[in-house]
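Here are the chains, one letter per residue:
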Amino acid sequence: MALTEVRDAPASPWARPLEGTLDELVVESEVLADNPLGDTPRRPLLVYSSPGIGRTGARVPAVYLIQGYGGQADTWTERPPFDPTVIERIDQMFTAGDCPDAVVVFVDAWTAVGGSQFLNSAGIGRYMDYLSDEVPAFIDERYPTLAAREHRGLAGKSSGGYGAMVVPMLRPDIWGGLASHAGDALFECSYQRDFPTIARQLRDHFDGSYDRLLEAARETPAFDWEKFGAGFALYAYALAYTPDPDRPGKALIPFETSTGKVIEDVWAKWLELDPVRMVARHADALLSMRRIYLEGGKSDEWFLDLGAQAVSEELSKLGIEHTLELFDGKHGGISYRYPGAIRELVLALGE
């Protein structure tokens, strides 16, 4: 009885060879240099090309996939128990012939506070410019993509779903379609309910000080989501939505940390960036989209199914064509739904 070394890759479930190709690149951004948090401007960039690309010489649409809060580019290659990776799922869809050829780009917007909400912020950096200007130009120069906004779509989940809704509203010159999985929306349901919980955590564990919470979270040898997660994440959102104009890299919090009571003028600035409230102000941009796809799990812990419904209602008031799908599920464990949304975008953007 002996163990024999073999040269082939291991079989499923350890590896599922791709029919398409995945390029794992590293890029350096000009607009992210000297950002307020001191995060590196050098980022991973994953580019998947479907199997048929290059056979006919035809140019294809591109879909850009952005991660949720706390996610990094390598999250897309992580293998959950019993399931394929996200990239393997996407490859399976193209290999089965269920979708026309396309390039799928996985953009990293990680920051020291776990995310950027894909906005330009004096507290975090110019992540919308990175996503909308630098990355598409780089891709269009090096891959056979149709280099026009009508053939370029943005998709994401959670904070990525927020970015997928908001960035095309703000930059319709770059984006022609969007797909949002459980994107942050209807802030009074998804964010405001955490204010009193965080106020209690600050009082009971951090002497009422947000600075102490942030310091403890950064110094801990293992990040404890139960202890730090809600407060740390909300601070990241505050850096994106209401950076402190007098203190670069600091945020204005939308509630009194001693009681959880809303600070109305700060909270109003958050609501201005709620996709539900943004729809009417950016109706022309949304009317120009070739595809708008919204969805959420009906048991989403942050009520982002209600957020998707609220966005849908605003779109319907303006006669803006879109799709809303609600399904049985929570906030996590929904990566199996990404290929379907990518297919919806590719079909619309390839026309």
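For the structure, check the block above.
Residues numbered from 1 in each chain as written. Predicted model: local features only at pLDDT ≥ 70, side-chain atom pairs only at ≥ 80, totals over all residues. Heavy atoms only, no water.

A. How the structure looks around the overall build of the chain. A tally of helices and strands in the chain yields 12 helices and 10 strands. Relative to a compact globule of 351 residues, whose C-alpha radius of gyration would be 20 Å, the chain shows 21 Å and is just as compact. With the principal axes as the frame, the chain shows a C-alpha extent of 65 × 60 × 40 Å. Considering the chain as a whole, with its 351 residues, one finds that 54% of them fall into the buried category. Contacts in the chain between residues far apart in sequence, at least 24 positions, make up 72% of those at least 6 positions apart. (Helix = DSSP H or I, 4+ residues; strand = E, 2+ residues; numbered from the N terminus. Rg over C-alpha atoms; globule rule 2.2 N^0.38 Å. Buried < 20%, exposed > 50% of the residue type's maximum accessible area, 1.4 Å probe, protein only. Contact = heavy atoms within 4.5 Å.)

B. Fine view of the layout of surface pockets. Estimates place the volume of the largest pocket at around 1,100 Å³. Considering the residues around the largest pocket, the lining is formed by 39 residues, among which Gly68, Tyr69, Lys157, Ser158 and His331 are closest to the centre. For the lining of the largest pocket, the class distribution of residues is 17 nonpolar, 13 polar and nine charged. Volume-wise, the second largest pocket comes out at about 150 Å³. As for the second largest pocket, its lining consists of Tyr69, Gly70, Trp110, Ala112, Val113, Gly114, Ala217, Arg218, Phe223, Trp225 and Phe232. At the level of secondary structure, the elements contributing two or more residues to the lining of the second largest pocket comprise α6 (210-219) and α7 (225-241). Residues belonging to the lining of the second largest pocket are distributed by class as follows: eight nonpolar, two polar and one charged. (1 Å grid on protein atoms, 1.4 Å probe; cavity = no way out; pocket = protein on both sides within 12 Å on 5 of 7 lines; lining within 4 Å. Points joined across faces, edges and corners; volume = space filled by probe spheres on them. Nonpolar A, V, L, I, M, F, W, Y, C, P; charged D, E, K, R; others polar.)

C. Broad picture of the sheet that holds strand β2 (residues 42-49). Spatially, the eight strands line up as an open sheet ordered β1-β2-β4-β3-β7-β8-β9-β10, and their pairing is mixed. The sheet terminates laterally at β1 (21-28) and β10 (323-327), the two strands that pair on one side only. Ignoring strand direction, the axes of neighbouring strands in this sheet form an average angle of 15°. By the bridge criterion, five bridges tie strand β7 (residues 152-157) to strand β8 (residues 177-181) in an arrangement that is parallel. (Pairing = 2+ DSSP bridges. Axes fitted to C-alpha atoms, helices over the stretch in contact; angles between N-to-C directions.)

D. Main features of the side chain of aspartate 91. Relative to the helices and strands, aspartate 91 resides in helix α1 (residues 86-95). Comment: no salt bridge for buried aspartate 91; closest opposite-charge side chain is arginine 16, at 9.4 Å. Setting aside residues up to four positions removed in sequence, aspartate 91 forms contacts with Pro17, Leu18, Glu19, Gly20 and Tyr48. (Lys, Arg positive; Asp, Glu negative; His and termini not counted. Salt bridge = Lys/Arg side-chain N within 4 Å of Asp/Glu carboxyl O.)

E. Summary view of the pairing of strand β4 (residues 103-107). In terms of residue burial, β4 counts as a mostly covered element, since five of its five residues are buried. Side-chain alternation along β4 places Val103, Val105 and Val107 on one buried face and Val104 and Phe106 on a second face that is also buried. The pairing of strand β3 (residues 62-66) with β4 spans five bridges and is classified as parallel. When the sheet's bridge partners are listed, alanine 62 is paired in β4 with valine 103. As for the winding sense of the linkage, the β-α-β connection from β3 through α1 to β4 is right-handed. (Right-handed = clockwise from strand over helix to strand, strands pointing away.)

F. Region of interest: α1. Burial analysis of α1 places eight of its 10 residues in the buried class, the great majority of the element. Two residues or fewer after α1 comes glycine 97, characterised by a positive phi angle close to 80°.

G. Expanded view of the packing of aromatic side chains. According to the stated counting rule, one finds 22 aromatic pairs in the structure shown. The interplanar angle of 90° and the centroid separation of 6.2 Å between the aromatic rings of tyrosine 69 and tryptophan 225 together place this pair among those described as edge-to-face. With a gap of 156 residues between them, tyrosine 69 in the loop between β3 and α1 and tryptophan 225 in helix α7 connect regions that are remote in the sequence. Residue classification places tyrosine 69 among the buried positions, given a relative accessible area of 18%. Residues tyrosine 191 and tryptophan 270 carry aromatic rings whose centres are separated by 5.5 Å and whose planes lie at 90° to one another, so their mutual orientation is edge-to-face. Taken together, the positions of tyrosine 191 in the loop between α4 (187-190) and α5 (195-205) and tryptophan 270 in helix α8 (residues 264-272) put the pair 79 residues apart, joining distant regions of the chain. Residue classification places tyrosine 191 among the buried positions, given a relative accessible area of 4%. Sitting above the plane of the phenylalanine 327 ring, arginine 337 keeps its charged end 3.9 Å from the centroid. (Phe/Tyr/Trp six-rings, centres within 6.5 Å; stacked < 30°, edge-to-face > 60°. Lys NZ or Arg CZ within 6 Å of the ring centre and 35° of its normal.)

H. Highlighting the nonpolar core. One finds Tyr64, Val105, Val107, Tyr210, Tyr241 and Trp270 to be the most contacted residues of the largest nonpolar core, which totals 80 residues. Top element by residues in this core is α7. It accounts for 11 residues. Those residues in contact with valine 107, other than ones at most four positions away along the chain, are Leu45, Tyr64, Leu65, Ile66, Gln67, Tyr130, Leu131 and Val135. Counting residues in hydrophobic clusters, the runner-up holds 23 residues, among them Val86, Met93, Ile342 and Leu349. (Core = buried A, V, L, I, M, F, W, Y, C linked by side-chain atoms within 4.5 Å.)

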